[in-house]
Amino acid sequence: MNSYVSVSAPDATAAAPASEAAETFAARSGAGIDALQEKAGRGQKLLVPYVTGGVTEDWTDYLPAYAAAGADAIEIGLPFSDPMLDGVTIQQASDRALARGVTVESILTDLSETKVGVPLVAMTYANLVFRSGPAAFCRRLAAAGVAGLIVPDLPVDEAADVEAAAAEAGVALVLLVAPVTPDDRLAEIGARSRGFVYAVSLMGTTGERDTLDSSAARLAERVKAVTRLPVLVGFGVSSPAQAAAAARHSDGAVVASALMRRVLDGAGPGELRDEVAALRAALD
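Residues numbered from 1 in each chain as written. Predicted model: local features only at pLDDT ≥ 70, side-chain atom pairs only at ≥ 80, totals over all residues. Heavy atoms only, no water.

(A) Up close: the overall build of the protein chain. A tally of regular secondary structure across the protein chain gives 13 helices and nine strands. Looking at the protein chain as a whole, 56% of its 284 residues are labelled buried. Within the protein chain, contacts between residues separated by at least 24 positions form 77% of all contacts whose residues are at least 6 apart in sequence. In the structure as shown, the protein chain presents an accessible area of about 11,100 Å², 49% of it carried by carbon and sulfur atoms. (Helix = DSSP H or I, 4+ residues; strand = E, 2+ residues; numbered from the N terminus. Buried < 20%, exposed > 50% of the residue type's maximum accessible area, 1.4 Å probe, protein only. Contact = heavy atoms within 4.5 Å. Areas by Shrake-Rupley, 256 points an atom, 1.4 Å probe, with all protein chains shown as cover.)

(B) Main features of the nonpolar core. Of all hydrophobic cores here, the largest spans 97 residues; its most connected members are Ile-76 and Leu-149. Once residues lying within four places of it in the same chain are set aside, the contact partners of Leu-149 are Val-121, Ala-122, Thr-124, Phe-137, Cys-138, Leu-141, Val-162, Val-171, Ala-172, Leu-173 and Val-174. (Core = buried A, V, L, I, M, F, W, Y, C linked by side-chain atoms within 4.5 Å.)

(C) Spotlight on the environment of Ile-189. Residue position: Ile-189 is located in helix H9 (residues 183-192). As for Ile-189 and Val-174, which are separated by 15 residues in sequence, their C-alpha atoms are 9.3 Å apart. Setting aside anything within four residues of it in sequence, one finds Ile-189 in contact with Val-156, Leu-175, Leu-176, Val-177 and Thr-181.

(D) Seen up close, the pattern of salt bridges. Inspection of every chain in the model, using the stated rule, returns 11 salt bridges. Two residues, Asp-183 and Arg-222, come together in a salt bridge whose shortest N-O distance is 2.7 Å. On the criterion of sequence distance, the pair formed by Asp-183 in helix H9 and Arg-222 in helix H10 (residues 215-224) is long-range, its members being 39 residues apart. Taking relative accessible area as the criterion, Arg-222 reaches 25% and is therefore assigned partly exposed. Two residues, Asp-284 and Arg-280, come together in a salt bridge whose shortest N-O distance is 3.0 Å. On the basis of relative accessibility, which here comes to 65%, the residue Asp-284 falls in the exposed class. (Salt bridge = Lys/Arg side-chain N within 4 Å of Asp/Glu carboxyl O.)

(E) Just the sheet that holds strand E3 (residues 120-123), in detail. In space, the nine strands of this open sheet follow the order E5-E4-E3-E2-E1-E9-E8-E7-E6, with parallel pairing throughout. The sheet is open, and its two edges are formed by strand E5 (172-174) and strand E6 (176-177), each paired on a single side. Note that strand E1 (residues 46-52) and strand E9 (residues 252-255) share four bridges and pair parallel. Across the sheet, residue Leu-46 finds its bridge partner in E9, namely Gly-252. (Pairing = 2+ DSSP bridges.)

(F) Focus on the pairing of E3. Side chains of E3 alternate between two faces, with Leu-120 and Ala-122 and Val-121 and Met-123 buried alike. Where strand E2 (residues 74-77) lies against E3, four bridges are found, and the strand directions are parallel. Considered in E3, the bridge of Glu-75 is made with Val-121.

(G) Representation of H10 within the structure. For H10, the full list of buried residues reads Ser-215, Ala-216, Leu-219, Ala-220 and Val-223. An end-on view of H10 places all buried positions within 125° of arc, on one side of the element. (Arc of directions from axis to C-beta.)

(H) Quick peek at the packing of helix H4 (residues 88-99) against helix H12 (residues 257-264). Viewed as axis vectors pointing N to C, H4 and H12 meet at an angle of 45°, and their least axial separation amounts to 9 Å. As judged from the angle between their axes, H4 and H12 are oblique. Classified by chirality, the crossing of H12 by H4 is left-handed. Listed contacts from H12 to Thr-89, Ile-90, Gln-92, Ala-93 and Arg-96 of H4 are Ser-257, Met-260, Arg-261, Val-263 and Leu-264. Broken down by class, the residue content of the contact of H4 with H12 amounts to five nonpolar, three polar and two charged. (Axes fitted to C-alpha atoms, helices over the stretch in contact; angles between N-to-C directions. Parallel < 35°, antiparallel > 145°, perpendicular 65-115°, else oblique. Left-handed = near helix turned anticlockwise from the far one by under 90°. Nonpolar A, V, L, I, M, F, W, Y, C, P; charged D, E, K, R; others polar.)

(I) Representation of the environment of Val-48 in the model. Mapped onto the elements of the fold, Val-48 is located in strand E1. You can call Val-48 buried: its relative accessible area is 1%. Residues Val-48 and Ala-67 lie 19 residues apart in sequence; the distance between their C-alpha atoms is 9.7 Å. Apart from residues no more than four positions distant in its own chain, Val-48 is found in contact with Ala-73, Ile-74, Glu-75, Leu-232, Ala-253, Val-254 and Val-255.

Just geometry here; none of it tells us what the structure is for.
Below, the structure is given as structure tokens:
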């Protein structure tokens, strides 16, 4: 396992038993993340918008707004001081949240007090997962009502501990693939991912872009050939037209930086509801 250096990371040590955590999630989020596969199986295109946890004082108000606008799940960024895979917008959002003094614990407490109605998927870096230990971290996610976990800097061949801890807690560990992922590794990721497979549309960081990279369609088709899970395209999906283009070859899209730019510029939950509704309309 690689060595990860702790950088101002909060300790997520509160740990409800796995069965209690699963019951908590089931009670608060309905069908849970398995509903994504059911929807995709019916031909529905999936939309997963993103918000950085703690980016504003009222940040949890964005969650029901997203859900009301047609989000199928919501990705929650747990801020980290060295987000190596994130571009300028998400870095700025993370810096703003950390400057407000938020921690993993405070974000999960906020989530545990918020009724959303669609699955929540946490995205963070391995440093935070391993600081408290994968088992304690995943149990805390589940207790807060989080259904899935994305750890972009965790290679699949080093994921066994987190994979086991997530499964025990009832949390889906979502794995990522990139345009350069070789076929054998692609098949392994397709078999071991849970909830959905996150297809990174390009070789680069997150961020808003004028066009969707052509590699996105090719990658989505390759992944769909090796898994029955939904395949969602992310990184650079910045407009309703790009979301629709991504979904032509996949099961839907993850939209992050474009929404967070609006939040950083002062847009409130009502305005973001309209943004997500436009994405939903394009996918439909």
